[in-house]
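Observations on the model geometry
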Amino acid sequence: PAPCIYKTAKMARRCVALAALAVLAASADAFVAPSLVPRSLGRVSAVAGRAPALALRQPRTQRASFLNRMVAASATEGEVDYDTVTASKIRNVAIIAHVDHGKTTLVDKLLDEAEISISNDDGGDRLMDSGDLERERGITIMSKVTSMSWKDTKLNIVDTPGHADFGGEVERVMSIVDGVCLLVDATEGPMAQTKFVLMKALARGIKPLVVINKVDRDTSRVDEVEGEVFDLMVNLGATDEQLDYTTIYASGRNGWASKSSDPNAPRENMGDLLDAVIENIPAPKVLDRSSFSMVVTMIEGDAFLGRVCTGRIASGSVKLGDTVQALDNDGKKVDSGRITKIMCRRGAVKMDLKVASAGDIIQVAGIGKATVGFTIASPDVTEALPADKIDPPTLVMTFCPNDSPLAGKDKASTKITSQMIAKRLFDEAETNVGIKVSASTERSEAYDVMGRGELQLGILVENMRREGFELGVCPPKVLYQKGADGSRLEPIEEVVVEVDDEFTGAVINKLSERKGVMTDMRPAAETGRTRISLECPTRGLLGYRNIFFTDTKGSGIMTRAFKGYEPYKGDLEGIRKGVLVSMKTGTSTLYSLDKLQARGVLFIHPGAEIYPGMIIGEHSRDNDLEVNCVETKQLTNIRSAGADAKAKLPPPIEYALEEVIPYMQADEMVEVTPSVLRMRKQILDGGDRKKSTVSKGK
């Protein structure tokens, strides 16, 4: 019949086209138009207006596997129709681990196994790290959701941060997943953040799928790490069912996973891990009702769609054009509208859906006032779905407009008013569950920003300065709580350091001065190194990271995670030296800075703009010292100006933003502009500072 002849001819043309693409891709100068590449091969990135063949983005040794994938693409089986998939064919899983244990790289290899392109727009990998700061620093800051198909099952994968400061991101995604892949480094074993994320998973009754990663390293100790993981789960109160977990051995960088730890076992691809996810992660549990309902877990802005809300459908189904409402945590209606867009991610690409059913993780647009924790539901739903609570912040910093003599002089500054700063901060608090914002009670036109740690707050300030903001930031302060008996409680963190044996004394001594208590000390996996576990107040760790790297000559590793609140440990004394404070306005000179070298370490170059109250260095003693760094040599007919050429200054210390923040003392602040950072005293006039100190002493 005619239809059969048509289909046969169409398949023949497709085979010819694929063969032609394969021949072109074998040429080093070949370029293939994106429209010619089958969709199942993933996206083709455009660079400078050109669309290179996807194979040419990879090394020559990898082109053979790419060509095989191209030829086999037309016959790919097991693809899931995202519009009609049901809860029984969905698996929602989060990848959780300590920092640098390989979460994002593992997600890349899982997507690659499902024949989804993992190339970033800049040609790099780590597809899920889409932010500029994430790519620059090699860390994951925000949780992100993507999906893939494997053996007739849709896998929704959530990549989570590993730093303790971003623990709120891990907590909020636990409500949309039904299982977790606990990734553990085969050399380091369970670390501080491993314990934190595992504790959150066990509290929700989740049985983890344990993945021992980097087993191909020479320093791996697979058997010992397996025992440490089991002991950790026992100590965290895991049930017998949770202790009956499955273990997978993997090398994320090399793209293979195996059910066996035997080095001679087949190590070819990630199939064993994907099979284990389908077998061990349960299908999502949904409510037995036909009305649509979903808790908003993440929100983002879109220039064309407006607010886009991400969450897992708890009941019913939703399609384009449906009328929905937004309910706050108390069940009060705050907004209503129509669904204008339903989307999900496949790799890095957003796919438009016509309909979505219970159990799936989707993105919807059309509700302008829904925020994190709110419920989006059909009009007949009257009760809001429960939203998980997030652990409270532990630090607070005050953000205010820049009021220094150099305010507004940076040409890159475009946002300097308190109204602009306030809007940006409240927008951040709406999307980031780990941050809270309120008006300051101590400074006018200022705002208190509460978060988990100086890294999290430093990332916020860095993003703001890149957006053109100019502001002043006060030093972080610890948020205390009151116990049942009225006593003061402070946040305590678990600290794990790994250092060379020769540096253990210096590290233990410095942390003891900061009220740290050692809980464990043992040899590390690497010969000649020691691992030390301590419990230390959060305030004692502020500003310690730079000291730690100095004491260990850059070879130490320090990780930390929030433990809880405990009784106040006492005052800290002498944890930082005084500073050199400018007493004049002008431009710093080589002549004056050369004379100040004996007084301490400098933070500025000759030629820097200076004003009274600006901090230009660290004093060699414990007290602050006012200095004149703008003095010039008086010229006479005897002395020549060229005599200054003999002065030699060592390079000044230049702190990064996240290093400046914990370095500051209570009476100091940092002036942040798009181009420069300046430390200064909050009270610029020296006389006023002395009066303030005397009044506080009384």
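These figures come from a predicted structure and were not determined experimentally.

Cut-offs and rules
Sequence order sets the numbering: in each chain, residues are counted from 1 along the sequence as written. Confidence filtering applies because this is a predicted model: local features only for residues at pLDDT of at least 70, side-chain atom pairs given and counted only at 80 or more, and all residues used for totals across whole chains, interfaces and linings. Hydrogens are left out, water is left out, and the side-chain values use all remaining heavy atoms of the structure. Note on definitions: angles span 0 to 180 degrees between N-to-C directions of axes, and those axes are lines fitted to C-alpha atoms, for helices only across the stretch in contact. Helix and strand assignments come from DSSP, with helices taken as H or I runs of at least 4 residues and strands as E runs of at least 2, each series counted from the N terminus. Comment on the angle field: the value is read as roughly parallel under 35 degrees, roughly antiparallel over 145, roughly perpendicular from 65 to 115, and oblique elsewhere. Residues count as neighbours in contact if any of their non-hydrogen atoms are within 4.5 Å of one another. For this classification, Asp, Glu, Lys and Arg are treated as charged, while Ala, Val, Leu, Ile, Met, Phe, Trp, Tyr, Cys and Pro are nonpolar and the rest, including Gly, are polar. Working definition of a nonpolar core: buried Ala, Val, Leu, Ile, Met, Phe, Trp, Tyr and Cys residues. They are joined through side-chain atoms within 4.5 Å. The buried label goes to any residue with under 20% of its type's maximum accessible area, the exposed label to any with over 50%, and the partly exposed label to all in between, with areas taken from a 1.4 Å probe on protein chains only. Pairing between strands is defined by DSSP: at least two bridges between them are needed. Per-residue confidence from the predictor is reported as pLDDT, which spans 0 to 100. Left-handed describes a crossing whose near helix is turned anticlockwise from the far helix by less than a right angle; the clockwise case is right-handed. In protein, a polar contact requires one atom able to donate a hydrogen and another able to accept it; more generally it is a pair of N or O atoms within 3.5 Å, and residues adjacent in sequence count only if both atoms are side-chain atoms. In what follows, salt bridge is the name for a side-chain nitrogen of Lys or Arg lying within 4 Å of a carboxyl oxygen of Asp or Glu. Working definition: a ring pair exists when centres of Phe, Tyr or Trp rings (six-membered ring for Trp) sit within 6.5 Å. Plane angles under 30 degrees give stacked, over 60 give edge-to-face, the rest tilted. Only lysine NZ and arginine CZ atoms are considered, and such an atom sits over a ring when it is within 6 Å of the ring centre and within 35 degrees of the ring normal.

In this section: the packing of helix α3 (residues 103-113) against helix α9 (residues 271-280). Working note: a packed helix pair is described by the angle between its axes plus the distance between those axes. Across the interface, α3 lies against α9 with an axial gap of 10 Å and an inter-helix angle of 90 degrees. Relative to α9, the element α3 is oriented roughly perpendicular. Contacts between α3 and α9 involve Leu106, Leu110 and Glu113 on the former and, on the latter, Gly271, Leu273 and Leu274. Residues belonging to the contact of α3 with α9 are distributed by class as follows: four nonpolar, one polar and one charged.

The next point concerns the nonpolar core. Core analysis: the biggest nonpolar cluster contains 39 residues, and Ile96, Ile212 and Met233 have the highest contact counts within it. The set of elements that each furnish at least two residues to this core consists of β1 (90-97), α5 (167-173), β4 (179-185), α6 (192-203), β5 (209-213) and α7 (222-235). It is α6 that contributes the most residues to this core, six residues altogether. Among residues more than four places away in sequence, those in contact with Ile96 are Lys103, Thr160, Val170, Met174, Val180, Cys181, Leu182, Leu183, Val197, Leu198 and Ala201.

Next up on the list: the environment of Ala647. Position of Ala647 among the secondary structure elements: in the loop between β33 (625-627) and α16 (657-663). Once the C-alpha coordinates of Ala647 and Lys595 are considered, the two residues, 52 residues apart in sequence, prove to be 9.2 Å apart. Contacts of Ala647, omitting those with residues within four sequence positions, involve Leu590 and Asp594.

Here the focus is α3. Buried within α3 we find Lys103, Thr104, Leu106, Val107, Asp108, Leu110 and Leu111. Check the buried side of α3 and you find it contacts β1, β2 (144-150), β3 (153-159), β4 and α9.

So, on to the sheet that holds β1. With mixed pairing, seven strands are arranged side by side in an open sheet as β2-β3-β1-β4-β5-β6-β7. Edge positions in the sheet fall to β2 and β7 (256-258), since each of these pairs with one other strand and no more. Recorded for the sheet is a direction-independent mean angle of 25 degrees between the axes of neighbouring strands. With three bridges connecting them, β5 and strand β6 (residues 247-251) associate as parallel partners. In the sheet register, Ile212 faces β6, and the bridge partner there is Tyr249.

Quick look at the confidence of the model for the protein now. For the protein, the average pLDDT comes to 81, and 84% of its residues sit at 70 or higher. Low pLDDT, under 50, characterises residues 1-10; the stretch is placed with zero contacts to residues that sit more than four places away or in other chains. Residue range residues 21-77 is modelled with pLDDT below 50. Its contacts to residues more than four positions away, or to other chains, number 80 contacts.

With that settled, the discussion passes to the pairing of strand β12 (residues 333-338). Direction of pairing for strand β11 (residues 323-327) relative to β12: antiparallel, over a ladder of five bridges. When the sheet's bridge partners are listed, Val324 is paired in β12 with Gly337. Connecting the antiparallel pair β11 and β12 is a turn made up of five residues, with Gly331 showing a positive phi of about 85 degrees.

A few words on the packing of helix α10 (residues 418-431) against helix α11 (residues 454-466). In the contact formed by α10 and α11, the axes pass within 12 Å of each other and the chain directions differ by 130 degrees. The pairing of α10 with α11 is recorded here as oblique in orientation. As α10 packs across α11, the resulting crossing turns out to be right-handed. Touching Ile421, Arg424, Leu425 and Glu428 of α10 are Leu460, Asn463 and Met464, all from α11. Tallied by class, residues from the contact of α10 with α11 come to four nonpolar, one polar and two charged.

In this model, Lys151 sits at a positive phi of 55 degrees, which is unusual for a non-glycine residue. By relative accessible area, which is 52% here, Lys151 ends up exposed.

Okay, α9 next. Most of α9 sits out of view: seven of its 10 residues are buried. For α9, the complete set of buried residues consists of Gly271, Leu273, Leu274, Asp275, Ala276, Val277 and Ile278.

A separate point is the sheet that holds β11. With antiparallel pairing, eight strands are arranged side by side in an open sheet as β12-β11-β17-β8-β9-β16-β13-β14. What marks the edges here is a single partner per strand, and that holds for β12 and β14 (349-352). Ignoring strand direction, the axes of neighbouring strands in this sheet form an average angle of 35 degrees. Where strand β8 (residues 293-302) and strand β9 (residues 306-315) come together, nine bridges link them in antiparallel fashion. Bridged to Ile299 within β9 is Cys309.

A few words on the side chain of Arg539. Position of Arg539 relative to the elements: it lies in helix α13 (residues 538-541). Within the local environment of Arg539, its side chain forms a polar contact with the backbone oxygen of Gly570, the two atoms lying 2.4 Å apart. Residues contacting Arg539, with those up to four places away along its chain left out, are Val478, Tyr480, Glu490, Tyr568, Lys569, Gly570, Asp571 and Leu572.

It is worth spelling out the pattern of salt bridges at this point. Scanning the entire structure with this criterion turns up 36 salt bridges. For Lys681, the salt bridge identified is with Glu668, shortest N-O distance 3.3 Å. Pair noted here: Lys681 is in strand β35 (residues 677-681) and Glu668 is in strand β34 (residues 668-672), with a separation of 13 residues, a long-range link. A network of salt bridges, in which partner residues are shared, links Glu498, Asp500, Arg529 and Arg531.

Attention now goes to the packing of aromatic side chains. One pass over the full model with this rule turns up eight aromatic pairs. Taken together, a centroid distance of 5.9 Å and an interplanar angle of 70 degrees make the contact between Phe562 and Tyr565 edge-to-face. Aromatic rings pair up to connect Tyr544, Phe548 and Phe549 into one cluster. Above the ring of Tyr568, the side-chain terminus of Arg488 is found at 3.9 Å from the ring centroid.

To continue, consider the pairing of strand β26 (residues 529-537). The element β26 is largely enclosed, with a buried count of eight among its nine residues. The pairing of strand β25 (residues 517-523) with β26 spans six bridges and is antiparallel. Counterpart to Met518 in the pairing with β26 is Leu534. Taken together, β25 and the strand that follows it, β26, pair antiparallel across an intervening segment of five residues, in which Gly528 is found at a positive phi of about 85 degrees.

What follows deals with the side chain of Thr673. Mapping Thr673 onto the fold places it in the loop between β34 and β35. Exposure remark for Thr673: the relative accessible area of 2% places this residue in the buried category. A distance of 2.8 Å separates a polar atom in the side chain of Thr673 from a polar atom in the side chain of Asp410. Other than its neighbours up to four places away in sequence, Thr673 contacts Asp410, Ser413, Arg465, Phe469, Glu470 and Arg678.

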